[in-house]
Amino acid sequence: MAILELGVLASGTGSNLQAILDAIAAGTLDAQVRIVVSNVREAPALQRAAKAGIATAVIPHAQFPNRSEFDAAIAQALDLAGAKWVVLAGFMRVLTPEFLKKFQRRVINIHPALLPAFPGVHAQKQAFEHGVKLAGCTVHFVDEGVDSGPIIAQCAVPVLDDDSADSLAKRILEQEHLLFVDVLRWLAADRIRWVEGLSGERPKIAIVPA
Ligand code: GAR
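Each value, and the rule that gives it
Residues numbered from 1 in each chain as written. Predicted model: local features only at pLDDT ≥ 70, side-chain atom pairs only at ≥ 80, totals over all residues. Heavy atoms only, no water. Near = heavy atom within 4 Å. Polar contact = N/O pair within 3.5 Å; in protein donor to acceptor, adjacent residues only side chain to side chain. Areas by Shrake-Rupley, 256 points an atom, 1.4 Å probe, with all protein chains shown as cover. Helix = DSSP H or I, 4+ residues; strand = E, 2+ residues; numbered from the N terminus. Nonpolar A, V, L, I, M, F, W, Y, C, P; charged D, E, K, R; others polar. Axes fitted to C-alpha atoms, helices over the stretch in contact; angles between N-to-C directions. Parallel < 35°, antiparallel > 145°, perpendicular 65-115°, else oblique. Left-handed = near helix turned anticlockwise from the far one by under 90°. Contact = heavy atoms within 4.5 Å. Buried < 20%, exposed > 50% of the residue type's maximum accessible area, 1.4 Å probe, protein only. Pairing = 2+ DSSP bridges. Right-handed = clockwise from strand over helix to strand, strands pointing away.

Trainee: Account for the site of the ligand, naming residues and giving values.
Mentor: Taken together, 14 residues are adjacent to the ligand, and Gly14, Ser15, Asn16, Pro112 and Glu176 come closest. In this structure, an oxygen atom belonging to the ligand sits 2.6 Å away from a side-chain N or O atom of Ser15. Here a nitrogen atom of the ligand sits 3.4 Å away from a polar atom, N or O, in the side chain of His111. Alone, the ligand offers 450 Å² of accessible surface; in the complex the protein occludes 87% of this. Of all the elements in the fold, those that place two or more residues in the shell around the ligand are helix H1 (15–25), strand E5 (107–111) and helix H6 (165–188). Taken together, the residues of the shell around the ligand break down into four nonpolar, eight polar and two charged.

Trainee: Let's hear about the packing of H1 against helix H2 (residues 44–51): which residues, and what values?
Mentor: Relative to each other, H1 and H2 sit at 15°, their axes nearing to 9 Å. The orientation of H1 relative to H2 falls into the category roughly parallel. Helix-helix and strand crossings are classified by hand; for H1 and H2 the assignment is right-handed. Along its contact with H1, which presents Ser15, Leu17, Gln18 and Leu21, the element H2 presents Ala45, Arg48 and Ala49.

Trainee: So what's going on with the side chain of Thr96? Residues and values would help.
Mentor: Within the secondary structure, Thr96 sits in the loop between strand E4 (85–88) and helix H4 (97–102). Taking relative accessible area as the criterion, Thr96 reaches 5% and is therefore assigned buried. Leave out the neighbours within four places in its chain, and Thr96 touches Arg67, Ser68 and Asp71.

Trainee: Lay out the packing of helix H5 (residues 123–130) against H6 in plain terms, naming residues and giving numbers.
Mentor: A pair of packed helices is characterised by two quantities: the angle between their axes and the separation of those axes. Their axes nearest at 9 Å, the elements H5 and H6 cross at an angle of 125°. By the criterion of interaxial angle, the relationship of H5 to H6 is oblique. Both H5 and H6 take part in a crossing whose hand is right-handed. Residues Gln124, Lys125 and Phe128 of H5 pack against Ala165, Leu168, Ala169 and Ile172 of H6. Residue classes in the contact of H5 with H6 are distributed as five nonpolar, one polar and one charged.

Trainee: Can you break down the pairing of E4 residue by residue, with the values?
Mentor: The two faces of E4 match: Trp85 and Val87 on one face and Val86 and Leu88 on the other face are all buried. Both strand E1 (residues 4–9) and E4 contribute to a ladder of four bridges, which runs parallel. Looking at the pairing, Gly7 lines up with Val86 of E4. With H4 bridging E4 and the parallel E5, this β-α-β connection has right-handed handedness.

Trainee: Which residues make up H1, and what values do they have?
Mentor: Every buried residue belonging to H1 is among Ser15, Asn16, Leu17, Ala19, Ile20, Leu21 and Ala23, and all of these are buried. Taken together, the buried residues of H1 touch E1, strand E2 (31–38), H2, E4, E5 and H6. Backbone geometry just after H1 places Gly27 at a positive phi near 80°.

Structure follows, in structure tokens:
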């Protein structure tokens, strides 16, 4: 089977990127990160990529007149690098329908909440302030909405009585690293299937048993 060729988009710290790079280096994830693209010049994710010898591109969104042109520049960088799958690892921009059409069913995102609860930014804080007892994270395919695409996998994280928003976010992040790599392993093993709704309802995602 062809190796999974990933393009990772990241705006920040890049700990999820690091989990992916570590799994590849350990030989437990059959994938290659072809490029890491960031819209933020100072993003530590870029340093992590460079340290691992991976190509990087900085594409600052503010330098483009509109989202379409920004996304076209990202798509071009991904194409040039030979990335076939797009992995959003803390990428804080919403992608345009044109971009998603080009990489149809090939863009996945990690979100630090049990979707469809708490989409958008600061999801862990939203969940904590709401007083939920179970928080968590979700890996999903990206559609045109915000954190609304078909769910691939989720992991629940209990909220403890002495949690702060920060301590909860930290425990969620630990699970993100595991969940994201697991999903990429399923992708590499061609175990992820779209199950179309029979009468127009949302498609669902099934994981083929190993
Ligand atoms: C992660 O918690 C990720 O789920 C979140 O940003 C963080 C990035 O951390 N993404 C979103 O909120 C996207 N809506 P990292 O840079 O250390 O991987």
